Amino acid sequence: VKKLTDLDVAGKRVFIRADLNVPQDDAGNITEDTRIRASIPSIKYALDGGAAVMVTSHLGRPTEGELKADDTLAPVAVRLGQLLHKPVRLVQNWVDGGVEVAPGEVVLLENCRCNKGEKKDNEELAKKMAALCDVYVNDAFGTAHRAEATTHGIARFAPVACAGILMGAEIDALGKALHAPKRPLVAIVGGSKVSSKLTILKSLADKVDQLIVGGGIANTFLLASGKRIGESLAEPDLVKEAHAIMDIMKARGAEVPLPTDVVVADEVSALARANKISVDDVSASDRILDIGPKSAARLGEIIANAGTIVWNGPVGVFELPQFAGGTKMLASAIAHSEAFSIAGGGDTLAAIAKFDIAGDVGYISTGGGAFLEFLEGKTLPAIAALEARFEN
Ligand code: 3PG
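Residues numbered from 1 in each chain as written. Predicted model: local features only at pLDDT ≥ 70, side-chain atom pairs only at ≥ 80, totals over all residues. Heavy atoms only, no water.

## Observations concerning the overall build of the protein chain
Here is step 1 of the chain: Tallying secondary structure elements over the protein chain gives 14 helices and 14 strands in all.
Here is step 2 of the chain: In terms of C-alpha radius of gyration, the protein chain reaches 23 Å, essentially the compact-globule figure of 21 Å for 392 residues.
Here is step 3 of the chain: Principal-axis analysis of the C-alpha atoms gives the protein chain an extent of 70 × 45 × 35 Å.
Here is step 4 of the chain: Residues counted as buried form 54% of the 392 residues belonging to the protein chain.
Here is step 5 of the chain: When contacts within the protein chain are restricted to residue pairs at least 6 apart in sequence, those whose partners lie at least 24 apart make up 74%.
Here is step 6 of the chain: Carbon and sulfur atoms make up 50% of the accessible area of the protein chain, which amounts to about 16700 Å² in all.
Here is step 7 of the chain: For the protein chain, the separation between the mean place of its 42 positive charges and that of its 50 negative charges on side chains is 2 Å. (Helix = DSSP H or I, 4+ residues; strand = E, 2+ residues; numbered from the N terminus. Rg over C-alpha atoms; globule rule 2.2 N^0.38 Å. Buried < 20%, exposed > 50% of the residue type's maximum accessible area, 1.4 Å probe, protein only. Contact = heavy atoms within 4.5 Å. Areas by Shrake-Rupley, 256 points an atom, 1.4 Å probe, with all protein chains shown as cover. Lys, Arg positive; Asp, Glu negative; His and termini not counted. Charge placed at Lys NZ, Arg CZ, Asp CG, Glu CD.)

## A closer look at the sheet that holds strand β13 (residues 340-343)
Here is step 1 of the chain: With parallel pairing, the five strands of this open sheet are ordered in space as β8-β7-β12-β13-β14. The outermost strands of the open sheet, each flanked by one partner alone, are β8 (210-213) and β14 (363-364).
Here is step 2 of the chain: As paired strands, strand β7 (residues 185-189) and β8 are joined by four bridges and run parallel to one another. Bridging from a neighbouring strand, Ile188 pairs with Ile212 of β8.
Here is step 3 of the chain: Along the sheet, helix α11 (residues 325-336) contacts β7, β12 (308-312) and β13; its crossing angle with β12, the most-contacted strand, is approximately 145 degrees. (Pairing = 2+ DSSP bridges. Axes fitted to C-alpha atoms, helices over the stretch in contact; angles between N-to-C directions.)

## Topic: the packing of aromatic side chains
For any pair of aromatic rings, the description consists of the separation of the ring centres together with the inter-plane angle of the planes.
Here is step 1 of the chain: Following the criterion strictly, the structure yields three aromatic pairs and no others.
Here is step 2 of the chain: Ring plane angle 50 degrees and centroid distance 6.0 Å describe the contact between Phe15 and Trp94, whose orientation is recorded as tilted. With Phe15 in strand β1 (residues 13-17) and Trp94 in helix α3 (residues 94-97), the pair connects residues that are 79 residues apart, well separated along the chain.
Here is step 3 of the chain: The class for Phe15 is buried, based on a relative accessible area of 0%.
Here is step 4 of the chain: Geometrically, the ring pair formed by Phe318 and Phe355 is tilted, given 6.3 Å between the ring centres and 55 degrees between the ring planes. (Phe/Tyr/Trp six-rings, centres within 6.5 Å; stacked < 30°, edge-to-face > 60°.)

## Looking at the site of the ligand
Here is step 1 of the chain: In the region of the ligand, the neighbouring residues are Asp19, Asn21, Arg35, His58, Arg61, Arg113, Gly142 and Arg146.
Here is step 2 of the chain: Between the ligand and His58 there is a distance of 3.0 Å, counted from an oxygen atom to a side-chain nitrogen or oxygen.
Here is step 3 of the chain: Here an oxygen atom of the ligand and a side-chain polar atom of Arg146 are 2.6 Å apart.
Here is step 4 of the chain: Surface burial for the ligand is 85%, taken as the share of its 320 Å² of free accessible area covered by protein chains.
Here is step 5 of the chain: Residues of the shell around the ligand, tallied by class, amount to no nonpolar, three polar and five charged. (Near = heavy atom within 4 Å. Polar contact = N/O pair within 3.5 Å; in protein donor to acceptor, adjacent residues only side chain to side chain. Nonpolar A, V, L, I, M, F, W, Y, C, P; charged D, E, K, R; others polar.)

## Some points on the pairing of strand β5 (residues 135-138)
Here is step 1 of the chain: The two faces of β5 match: Val135 and Val137 on one face and Tyr136 and Asn138 on the other face are all buried.
Here is step 2 of the chain: As paired elements, β1 and β5 share four bridges and run parallel to each other. If you follow Phe15 over to β5, its bridge partner there is Tyr136.
Here is step 3 of the chain: Both β5 and strand β6 (residues 160-163) contribute to a ladder of four bridges, which runs parallel. Paired with Tyr136 across the two strands is Ala161, which belongs to β6.

## Describing the pattern of salt bridges
Here is step 1 of the chain: Scanning all chains against the criterion turns up 16 salt bridges.
Here is step 2 of the chain: Glu241 is the salt-bridge partner of Lys202, the closest N and O atoms lying 3.4 Å from each other. With Lys202 in helix α7 (residues 194-205) and Glu241 in helix α9 (residues 239-251), this residue pair connects regions lying 39 residues apart in the sequence.
Here is step 3 of the chain: Lys202 gets classed as partly exposed once you look at its relative accessible area, which sits at 39%.
Here is step 4 of the chain: Each of Asp33, Arg37 and Arg79 takes part in a single network of salt bridges with overlapping partners. (Salt bridge = Lys/Arg side-chain N within 4 Å of Asp/Glu carboxyl O.)

## Considering the nonpolar core
Here is step 1 of the chain: Counting residues in each nonpolar core, the largest one holds 69 residues, and the members touching the most others are Phe15, Met54, Trp94, Tyr136, Leu201, Leu211 and Phe221.
Here is step 2 of the chain: Setting aside anything within four residues of it in sequence, one finds Phe15 in contact with Met54, Thr56, Trp94, Leu109, Met129, Leu132, Cys133, Val135, Tyr136, Val137, Thr150 and Ile154.
Here is step 3 of the chain: With 29 residues, the next largest nonpolar core counts Val9, Ile16, Val22 and Val53 among its residues. (Core = buried A, V, L, I, M, F, W, Y, C linked by side-chain atoms within 4.5 Å.)

## A closer look at the environment of Arg252
Here is step 1 of the chain: Relative to the helices and strands, Arg252 is located in the loop between α9 and β9 (261-265).
Here is step 2 of the chain: If we skip the residues at most four places from it in the chain, Arg252 touches Ala205, Asp206, Lys207 and Val208.
Here is step 3 of the chain: Among the polar contacts made by the side chain of Arg252, one reaches the main-chain carbonyl oxygen of Ala205 at a distance of 2.6 Å.

## Concerning the environment of Thr260
Here is step 1 of the chain: Mapped onto the fold, Thr260 is located in the loop between α9 and β9.
Here is step 2 of the chain: Separated by 35 residues in sequence, Thr260 and Ser295 have C-alpha atoms that sit 5.8 Å apart.
Here is step 3 of the chain: Residues in contact with Thr260, not counting those within four places in the same chain, are Ser278, Val279, Lys294 and Ser295.

The following block contains the structure:
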């Protein structure tokens, strides 16, 4: 794709689609601003290059055609202003009302998902938005899996369409990990349900050298390998699928290292008493809530020998200290590994924060759903739209 940093933007009207969809508390205070921070390099590049800068994003999932109090990007405008050290004016009714912005100035265009036709990628809306700018920049990797008017349609009609600095970094990091990895390539896919990650597991089964499964996903794989899992969370309906994935891996000479010891309790609660046992000793009333120390040590070895690591999802209920050991060890192994590592997804980012390893992960994706769809091997529509412009 074409990149913002290859362009001279002096005097140009630059429209940046960012993903500033950040969590807020009930009073409207931003509780986590990683995505706003991640959008700064592109905005600064355009400002420093002498462009008149318009930035927009969606916030939440509002009803189209309305702007309720919760939908406004006003708190984001304030935070952006603090990070850029300059005022950021919030512009309402920008599609039909037009946007006044001077070179060296940045404005934030109100929640783009409140515009009628945004979610359906309406062509007329996309053309109107394209007419506002000389250069369209997509820097919203977190929304790259959505074909909406600001992420997809506008890229067809804007005079120039390119990837922002964050988008470029995400594409490069994910591409490096999945399309040209240094081997062995190890993926860790944890979480509660095989069903929500089945496409990812199938896609990775064709690529990775070791597929580490964790959480409820691992339990379903244990069932598939004939183990008893007691009351553990699992999806018996998907045992066949789990089998098929293990067969694909085996046929390729690749491995799905299942836990040989586990941490069990009879309930998932802060007061639950944890027992470390062999996976062969799980009783009818046990719930498997973490991997045991032997399994953790084995995974540590695999990670230490990896060339590339892709991490999505914890291997235990790491929110509770007695079931956090496996995920903690995994985090520490990733932090100490020489491999290029990439991580993404809500739970994974929470684990990275909890075990304080953010500085030691090669790349942390800002994408939730977009990161998962990339792992599924899907073409993300926003990236495809930029590629299409590059080819023509
Ligand atoms: C996200 O938070 O994953 C992105 O901002 C996309 O949001 P959406 O799922 O509402 O499209």
